[in-house]
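Chains, contacts and geometry: an overview
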Amino acid sequence: MIKSAILFIMAGLAEIGGGYFVWLWLREKKGIWLGVVGAVILVLYGVIPTLQEYPHFGRVYAAYGGVFIVLSLLWGWFIDKKRPDKYDWAGSCVALIGAAIIIWTPR
């Protein structure tokens with residue numbers, strides 16, 4: 001379970017970080033090197049979920065979605081300085097509970 005959680009966090013950081021670098025390149029007119037680095041990180045994001053031990057692609061990505069929501073809010077808080085409000089946190093909790101049910105419920 002710990003390995004799974006770490007992989008979900010790594011995938012989330014790779015997707016958000018890679019997307020952020022591409023955003024900086026295209027939306028904020030930063031150097032193309034940020035776009036290249038972002039693209040490489042996004043490819044890594046595509047690889048990381050394959051390291052999960054769960055056999056079903058859809059379930060892995062569905063559960064990852066809950067983790068992604070929380071990480072996106074934290075990224076916005078620490079990088080963009082946009083503090084999440086109580087509704088953001090409430091929605092995040094619902095998403096994480098859903099992710100846990102999807103991935104860790106015995107079948």
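Computed from a predicted structure; not experimentally measured.

What to know about the UniProt feature "transmembrane region" (unreviewed entry) in the protein chain
Mapped onto this numbering, the UniProt entry gives "transmembrane region" (unreviewed entry) at residues 6–26, 31–48, 60–80 and 87–105. Along residues 31–48 one finds 89% helix and 0% strand; the C-alpha atoms at either end are 27 Å apart. When the span residues 87–105 is considered, its composition is 95% helix and 0% strand, and the gap between its end C-alpha atoms is 26 Å.

Looking at the packing of helix α1 (residues 2–27) against helix α2 (residues 32–47)
In the contact formed by α1 and α2, the axes pass within 7 Å of each other and the chain directions differ by 160°. Of the possible angle classes, the one that applies to α1 and α2 is roughly antiparallel. Where α1 crosses over α2, the two elements pack in a sense that is left-handed. Contact with α1, carried on its side by Ala11, Ala14, Glu15, Gly18, Gly19, Phe21, Val22, Leu24 and Trp25, involves Ile32, Leu34, Gly35, Val37, Gly38, Ala39, Ile41, Leu42 and Tyr45 of α2 and no other residues of that element. Looking at the contact of α1 with α2 residue by residue, the classes come out as 13 nonpolar, four polar and one charged.

Re the environment of glutamate 28
Turning to its location among the elements, glutamate 28 is positioned in the loop between α1 and α2. The exposure class assigned to glutamate 28 is partly exposed, which follows from its relative accessible area of 42%. Taking the C-alpha atoms as reference, glutamate 28 lies 22 Å from valine 43; in sequence the two are 15 residues apart.

Thoughts on unusual backbone geometry
The phi dihedral of lysine 29 is positive, around 55°, even though this residue is not glycine. Considering the arrangement of structural elements, one finds lysine 29 in the loop between α1 and α2. With a relative accessible area of 70%, lysine 29 lands in the exposed category. In this model, lysine 81 sits at a positive phi of 60°, which is unusual for a non-glycine residue. For lysine 81, a relative accessible area of 65% puts it in the exposed group.

Concerning the side chain of serine 92
If you trace the backbone, serine 92 turns up in helix α4 (residues 86–104). Exposure remark for serine 92: the relative accessible area of 2% places this residue in the buried category. Those residues in contact with serine 92 that sit more than four places away from it in its chain are Ile69, Val70 and Leu73.

Regarding the packing of aromatic side chains
All chains considered together, the criterion is met by eight aromatic pairs. Taken together, a centroid distance of 5.4 Å and an interplanar angle of 65° make the contact between tyrosine 20 and tryptophan 75 edge-to-face. With tyrosine 20 in helix α1 and tryptophan 75 in helix α3 (residues 57–78), this pair connects stretches of sequence that are 55 residues apart. Judged by centre distance (6.5 Å) and plane angle (75°), the rings of tyrosine 45 and tyrosine 61 are edge-to-face.

Definitions and cut-offs
Residues numbered from 1 in each chain as written. Predicted model: local features only at pLDDT ≥ 70, side-chain atom pairs only at ≥ 80, totals over all residues. Heavy atoms only, no water. UniProt positions renumbered as here; feature names shortened; annotations may be inferred. Helix = DSSP H or I, 4+ residues; strand = E, 2+ residues; numbered from the N terminus. Axes fitted to C-alpha atoms, helices over the stretch in contact; angles between N-to-C directions. Parallel < 35°, antiparallel > 145°, perpendicular 65-115°, else oblique. Left-handed = near helix turned anticlockwise from the far one by under 90°. Contact = heavy atoms within 4.5 Å. Nonpolar A, V, L, I, M, F, W, Y, C, P; charged D, E, K, R; others polar. Buried < 20%, exposed > 50% of the residue type's maximum accessible area, 1.4 Å probe, protein only. Phe/Tyr/Trp six-rings, centres within 6.5 Å; stacked < 30°, edge-to-face > 60°.

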